[in-house]
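Structural overview for review
Here's the letter readout for the chains.
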Amino acid sequence: MKSIHSEKAPAAVGPYSQAIEANGFVFASGQLPIDPSTGKFPEGGIKEQTRQSILNAQEVLKAAGLDLSKVIKTTVYLSDMANFGAMNEVYAQFFTEPYPARSAVAVRTLPKEALVEVECVAVKG
């Protein structure tokens, strides 16, 4: 088991790794829409936050030598299911067929009052 860390993604906001590589998989922790250069959320709404969350996940995967084409499963946490359509528009710009399996769920709140958090599992090789 190996911890993965990228300086180009926000640091963990608790006692966890950005990602763990184990048994040919990379399990990336949920990425909040924090711009690592400013430490803040991007201005705008769900679309901008979704883009930043996925860009953060992409940087964590890069640190493991992977890209988004190796993602086999994502989980998207939304603070409001009314944002599903707008999130999906942005999400579709990053993933191509065969699309990763995905769960999208509404949660009561997210850390730092984010609108979205995205986690993923990728396969090595």
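The following refers to the structure shown. Since the structure is predicted, the reported quantities are computational estimates derived from the model, not experimental observations. (Residues numbered from 1 in each chain as written. Predicted model: local features only at pLDDT ≥ 70, side-chain atom pairs only at ≥ 80, totals over all residues. Heavy atoms only, no water.)

1. As for the overall build of the protein
Operational definition: The numbering of helices and of strands both runs from the N terminus, where a helix is a DSSP run of H or I of at least 4 residues and a strand a run of E of at least 2. C-alpha atoms define the radius of gyration in this analysis, and the globule rule sets the expected value at 2.2 Å times the number of residues to the power 0.38. Whether a residue is buried, partly exposed or exposed follows from its accessible area with a 1.4 Å probe, protein chains only, as a fraction of its type maximum: under 20%, in between, or over 50%, in that order. Any pair of residues with heavy atoms lying within 4.5 Å of one another is described as a contacting pair. Per-residue and other accessible areas follow the Shrake-Rupley method at a 1.4 Å probe size, with only the shown protein chains counted as cover for residues. Positive charges are assigned to Lys and Arg, negative charges to Asp and Glu, while His and the chain termini are left out of the count. To locate a charge, take NZ of a lysine, CZ of an arginine, CG of an aspartate or CD of a glutamate.
For the protein, the count of helices and strands is two helices and six strands. Listed by position from the N terminus, the elements making up the protein come as β-β-β-α-β-α-β-β. For 125 residues, the compact-globule formula gives about 14 Å, and the C-alpha radius of gyration of the protein, at 13 Å, lands near that figure. The dimensions of the protein, computed from C-alpha atoms along their principal axes, are 35 × 30 × 25 Å. Of all 125 residues assigned to the protein, the portion counted as buried reaches 41%. In the protein, once contacts between residues fewer than 6 apart in sequence are set aside, the share between residues at least 24 apart is 68%. When the accessible area of the protein is evaluated, it comes to approximately 6,800 Å², of which 52% is carbon and sulfur surface. Charge centroids of the protein, computed over 12 positive and 13 negative side chains, lie 4 Å from each other.

2. Quick word on empty space enclosed by the protein
Summary: where empty space remains is shown by rolling a probe the size of a single water molecule over the atoms. Our working rule: The definitions used throughout rest on a 1 Å grid laid over the protein atoms alone, on which a cavity is an enclosed set of points accommodating a 1.4 Å probe that cannot get out and a pocket is an open set flanked by protein within 12 Å on both sides along at least five of seven lines; lining residues are those having an atom within 4 Å of a point. Grid points are joined across faces, edges and corners, and a volume is the space filled by probe spheres set on the points. The classification used treats Ala, Val, Leu, Ile, Met, Phe, Trp, Tyr, Cys and Pro as nonpolar, Asp, Glu, Lys and Arg as charged, and all other residues, Gly among them, as polar.
Counted according to the given criterion, the structure contains one cavity of 30 Å³ or more. Looking at the largest cavity, its volume works out to about 30 Å³. Taken together, I54, A57, L68, T74, F95, V118 and C120 make up the full set of residues lining the largest cavity. Every element with two or more residues in the lining of the largest cavity is listed here: α1 (46–63) and β6 (116–123). Grouping the amino acids of the lining of the largest cavity by side-chain chemistry returns six nonpolar, one polar and no charged.

No statement about biological role is implied by the geometric values presented.
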